[in-house]
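One letter stands for each residue in the lines below.
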Amino acid sequence: MNVADSERAASGLRRAGYELTESAENADVVLLNTCSVRERAERKVYTRIGEIPGIKHGKHKPFIGVMGCVAQLEGEAIFENAPAVDMVIGTQATDRIPLLIDRLQKGEESLIDLEERAVGEVWDVSPVERHSPYVAFVPIIEGCNKFCSFCIVPYSRGREKSRNADELLDEVLRLKELGYKEIHLIGQNVNSYRPKSTRGLDDSEGATSFSRLLRAVAKTGMPRIKFTTSFPRDFHPDIVSAIDEYPNLCDWVHLPVQSGSDRVLKAMRRGYTASDYMRRIEKIKTAKRRLALTSDIIVGFPWETEEDFRQTLKLVGECEYDSLYIFKYSRRAGTPASKLSDDVPEKVKTDRFLRLESVQRERQKKIFEQYVGRTVSVLAEKPSARSATDLVGHSTCHKVVNFPGDTSLEGQIVNVTITAAKVNSLYGMRASAM
Ligand code: SAM
């Protein structure tokens, strides 16, 4: 989501006549896009501000703007904590950054915009600003209505707002014409997609607006379509049916469970039990293609006992995730859980993190090894960071795959036969080159 916001900010600035520079040394304006999901990310902003060249070496000081979730939540307080900051730009003010810079140039100081998106501001990202020329993020829903007790997102990004399907389909068709090979439909909870109008969905059947959208997007012929993140309570089995029907809907589902203990899930206000979650998983496991499954887990939520944690270990064992993002609980001021005592000692959080990681590693190793000898379809994205003669890309099941190849293959979808399973990636040879 933050990458998509930065792309949107960059597009707006370019439209307003600004040039983007790779180096903060040359910049007249430096913007920091921020995340507040965990405390560590939030603290990083202030370190980064201190590292901006003009500040550190006392030379020409650029205008400095803080955008994103930290800006939205901390507002005015940012000016007190970091007096070098000139603009505080809330999560829905991205399109107004050029106006704020104009006002700074005219001599105004300490500008703050935490207002909602204005009517008529459209999501229009220039291909030049996309993080990849082949893979594009397409936000379909902003904000969150779930109010999980640990999570800051409803406060930093506001309530859920879905974009209309006709606008999304136009964007996907445009991306296809521009040669994009893969899109990710993104949002805090993509499957809670509920647009105000059904424009664009009328020719697509489905049990929910999201599964109708998946079918409509699949019909555009975009070669690969991925979507993240799905919220378990809203995960309708029809999503799996849509994936079964359309080969360009990719074989990967990210479904964050957070905990395997019903007691903890209740305190987290997730709105499902472990067995509700497992029912969704059963449907995913009976899909026609094997769907890769990934998840998020928080360890050390207030009151989490050893027994609760064991239930998480058990669930992780049963789900056989292709990969797992594990987080130590981080208390976020303003959330309901912040009123509970953060009573799991740091040492215990670390211990649970490592034990869960080790169970996951073992399972993941087995899953990755099953790929050896199989041929997977890979979008060749860029040169590998590890070897000058290799390219790196992702499979349809969203695994990182490295393989020998030169830059002429970039942007192509190639078949790669897997020859080795690494801890978090696969290695292989182009099927035709074997
Ligand atoms: N909307 C998705 C959901 O809840 O299903 C996830 C979005 S959240 C931005 C990404 C992940 O960050 C969450 O799934 C959760 O595991 C983690 N996270 C969020 N708040 C956290 C907190 N206070 N402490 C630790 N991890 C947290």
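By convention here, each chain's residues receive numbers from 1 onward along its written sequence. For this predicted model, a pLDDT threshold of at least 70 governs which residues receive local features, and a threshold of 80 or more governs which side-chain atom pairs are given and counted, while totals over whole chains, interfaces and linings are taken from all residues. Side-chain measures here rest on the full set of heavy atoms in the structure, leaving out hydrogens and waters.

Chemist: Mind showing me how you'd approach the overall build of the chain here?
Modeler: The helix and strand labels rest on DSSP assignments: H or I over at least four residues marks a helix, E over at least two residues marks a strand, and numbering proceeds from the N terminus. Looking only at helices and strands, one finds 14 helices and 17 strands in the chain. The C-alpha atoms of the chain give 22 Å as radius of gyration, which agrees with the globular expectation for 434 residues (22 Å, within 12%). Judged by the C-alpha coordinates and their principal axes, the chain covers about 65 × 55 × 50 Å. Burial status follows relative accessibility: with a 1.4 Å probe on protein chains alone, a residue under 20% of its type maximum counts as buried, one over 50% as exposed, and anything between as partly exposed. Across the 434 residues of the chain, 53% fall into the buried class. Summarising the internal contacts of the chain: among those between residues at least 6 apart in sequence, 70% fall at separations of at least 24. Surface exposure here means Shrake-Rupley accessible area, sampled with a 1.4 Å probe, where a residue is shielded only by the protein chains that are shown. Entry remark: accessible area of the chain is about 19,800 Å², with carbon and sulfur atoms responsible for 51%. Here the radius of gyration uses the C-alpha set of atoms, whereas the globule reference equals 2.2 Å times the residue count to the power 0.38. Contact between two residues is taken to exist if any of their heavy atoms lie within 4.5 Å; hydrogens are not considered.

Chemist: Got a minute to help me understand the pairing of strand β1 (residues 29–34) in this structure?
Modeler: Side-chain direction in a regular strand flips from residue to residue, so the side chains alternate between the two faces of the sheet. Of the two faces of β1, only the one carrying V30, L32 and T34 is buried; V29, L31 and N33 on the other face are not. Pairing of β1 with strand β2 (residues 63–68) involves six bridges; the strand directions are parallel. When the bridges of β2 are listed, L31 appears paired with G65. Here, any two strands with at least 2 DSSP bridges between them count as paired.

Chemist: I would appreciate a short explanation of the sheet that holds strand β12 (residues 323–328) in the present structure.
Modeler: The strands making up a sheet associate through hydrogen bonds between their backbones, and the pairing can be parallel or antiparallel. Spatially, three strands are ordered β10-β11-β12 in an open sheet, and the strand pairing comes out parallel. Edge positions in the open sheet fall to β10 (252–254) and β12, since each of these has one partner strand only. Averaged over all pairs of adjacent strands, the angle between strand axes in this sheet comes to 15°, irrespective of strand direction. Sheet topology note: the strand β11 (residues 292–299)/β12 ladder contains six bridges and is parallel. Across the sheet, residue T294 finds its bridge partner in β12, namely S323. To obtain an axis, a line is fitted to C-alpha atoms, over the contacting stretch when the element is a helix, and the angle between two such axes runs from 0 to 180 degrees between their N-to-C directions. Most of the contacts of helix α14 (residues 346–369) go to β12, to which it runs at about 180°, and overall it touches β11 and β12.

Chemist: Please clarify how the pairing of strand β13 (residues 375–383) should be interpreted in this entry.
Modeler: Relative to strand β16 (residues 413–421), β13 is paired through five bridges, and the arrangement is antiparallel. Across the sheet, residue T375 finds its bridge partner in β16, namely T417.

Chemist: What should I look at first to understand the packing of aromatic side chains in this one?
Modeler: In this description, an aromatic ring pair is defined by two values, namely the gap between the centres and the angle between the planes. Side-chain rings of Phe, Tyr and Trp, where Trp is taken by its six-membered ring, are said to pair if the distance between their centres is within 6.5 Å; with planes under 30 degrees apart they count as stacked, over 60 as edge-to-face, and otherwise as tilted. Evaluated as defined, the whole model comprises five aromatic pairs. Summarising the aromatic geometry, the rings of F210 and F227 are spaced 5.3 Å apart at their centres and angled 75° between planes, so their arrangement reads as edge-to-face. Of this pair, F210 sits in helix α9 (residues 209–218) while F227 sits in strand β9 (residues 224–228), placing them 17 residues apart in sequence. Assessed through its relative accessible area of 0%, F210 is described here as buried. Among the aromatic residues, those joined into a cluster by ring pairs are F231, Y272 and Y277. The side chain of K146 reaches across the aromatic face of F231, ending 5.3 Å from its centre. In this arrangement the basic side chain of R374 is found over the ring face of Y371, its NZ or CZ atom lying 4.3 Å from the centre. Distance and angle both matter: a charge sits over a ring if NZ of Lys or CZ of Arg is within 6 Å of the ring centre and within 35 degrees of the ring normal.

Chemist: Please explain the site of the ligand as it appears in this structure.
Modeler: The criterion for a residue being near a molecule or strand is simple. One of its heavy atoms has to lie within 4 Å of it. Residues in close proximity to the ligand total 17 residues, the closest being Q188, Q258, R270, D296 and S330. F150 is positioned such that a nitrogen or oxygen atom in its backbone is 3.1 Å from a nitrogen atom of the ligand. Take R270: an N or O atom from its side chain is 2.7 Å from an oxygen atom of the ligand. If the ligand stood free it would expose 570 Å²; the protein chains cover 92% of that surface. Under the rule applied, a polar contact is a pair of N or O atoms within 3.5 Å (in protein, one hydrogen donor and one hydrogen acceptor; residues adjacent in sequence only if both atoms are side-chain atoms).

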